[in-house]
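These are the residues of each chain, in order.
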Amino acid sequence: DLSIGNILWSEGGVGLIDWEFSRVGDPAEELAYLLTEQAADPELAATVHAAYLEAGGEAGIWSRVPAYGLFTALDSALWWLDYGDRHDSPEGPREIAARVEMAARWLAGEITG
């Protein structure tokens, strides 16, 4: 669940919280999720990509990020659909629409990292 709300910043470094969905997987999926949840534009995606590489991340991962982006956006839209049904959430339709729009941006190749 790598999103801005789950990253703690301090002078001593960076920490992550909310490990509910943690598992061993492809880092490309986490990067795609981060970009999707932040509704990243091409500039932010390029910044994250550069920072990832500067920190020692594997360059080849970025070729897989767009494919994961499409699926993480659709998965997140489905999560909001389920959440809205169970909690009668007024924010659900807006969140679903935002995730579907992000999926379309991934599919159109607007976000590449």
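Numbers given for residues are sequential positions, taken from 1 along each chain in its written order. For this predicted model, a pLDDT threshold of at least 70 governs which residues receive local features, and a threshold of 80 or more governs which side-chain atom pairs are given and counted, while totals over whole chains, interfaces and linings are taken from all residues. With hydrogens and water stripped out, all remaining heavy atoms of the structure feed into the side-chain values.

Once that is clear, we can look at the confidence of the model for the protein chain. The pLDDT score gives, residue by residue, the confidence of the prediction method on a 0 to 100 scale. Mean pLDDT over the protein chain stands at 89; residues scoring 70 or higher make up 98%. Confidence scores differ between elements of the protein chain, with strand 2 (residues 13–16) showing the lowest mean pLDDT of 84 and helix 4 (residues 92–107) the highest of 94. Runs of H or I in DSSP of at least four residues are treated as helices and runs of E of at least two as strands, each being numbered from the N terminus.

Note on geometry: axes are lines fitted to C-alpha atoms, helical ones only across the stretch in contact, with angles between N-to-C directions running from 0 to 180 degrees. In contact at an axis separation of 10 Å, helix 1 (residues 27–37) and helix 4 are set at 125° when each is read in the N-to-C sense. Looking at the two axes, helix 1 sits oblique to helix 4. Between helix 1 and helix 4 lies a crossing whose hand is right-handed. Contact residues: A32, L35, T36 and E37 in helix 1; R99, M102 and W106 in helix 4. Its residues assigned to classes, the contact of helix 1 with helix 4 shows four nonpolar, one polar and two charged. Throughout, the term roughly parallel applies to angles under 35 degrees, roughly antiparallel to angles over 145, roughly perpendicular to angles from 65 to 115, and oblique to all others. Each crossing is labelled by how the near helix is turned from the far one, with a counterclockwise turn of less than a right angle marking it left-handed and a clockwise turn marking it right-handed. Contact criterion: two residues are considered in contact whenever any of their non-hydrogen atoms come within 4.5 Å of each other. Gly falls in the polar group here, along with every residue not listed as nonpolar (Ala, Val, Leu, Ile, Met, Phe, Trp, Tyr, Cys, Pro) or charged (Asp, Glu, Lys, Arg).

Our next topic: helix 3 (residues 65–87). Every α-helical turn comprises 3.6 residues, leaving residues that sit three or four positions apart pointing alike. With 23 residues, helix 3 ought to run about 33 Å at 1.5 Å a step, and its terminal C-alpha atoms sit 32 Å apart, in line with that. Note on exposure labels: buried denotes an accessible area under 20% of the residue type's maximum, exposed denotes more than 50%, and partly exposed covers the range between, all computed with a 1.4 Å probe on protein chains only. Within helix 3 the residues assigned to the buried category are V65, G69, L70, T72, A73, S76, A77, W80 and G84. Those residues of helix 3 that are buried lie in contact with helix 1 and helix 4. Once helix 3 ends, the next one or two residues include D88, with phi positive near 50°. Take the residue count of a helix, subtract one, and multiply by 1.5 Å to get its expected span.

The next subject is the pairing of strand 2. Whether two strands pair comes down to DSSP finding at least two bridges between them. Judged from the four bridges that link them, strand 1 (residues 7–10) and strand 2 form a sheet pairing that is antiparallel. Note on strand 2: the bridge partner recorded for S10 is G13. Here strand 1 folds back onto strand 2 in antiparallel fashion, the turn holding two residues.

With that settled, the discussion passes to the packing of aromatic side chains. Each Phe, Tyr or Trp ring (for Trp, its six-membered ring) is paired with any other whose centre lies within 6.5 Å, and the angle between the two planes then decides the class: stacked below 30 degrees, edge-to-face above 60, tilted in between. Tallying each qualifying case throughout the model produces four aromatic pairs. Taking the centre distance of 5.5 Å and the plane angle of 75° together, the rings of W80 and Y83 count as edge-to-face. Of this pair, W80 and Y83 both sit in helix 3, three residues apart, roughly one helical turn. By relative accessible area, which is 24% here, Y83 ends up partly exposed. Three or more aromatic residues link up through ring pairs in this structure, and these residues are W79, W80 and Y83.

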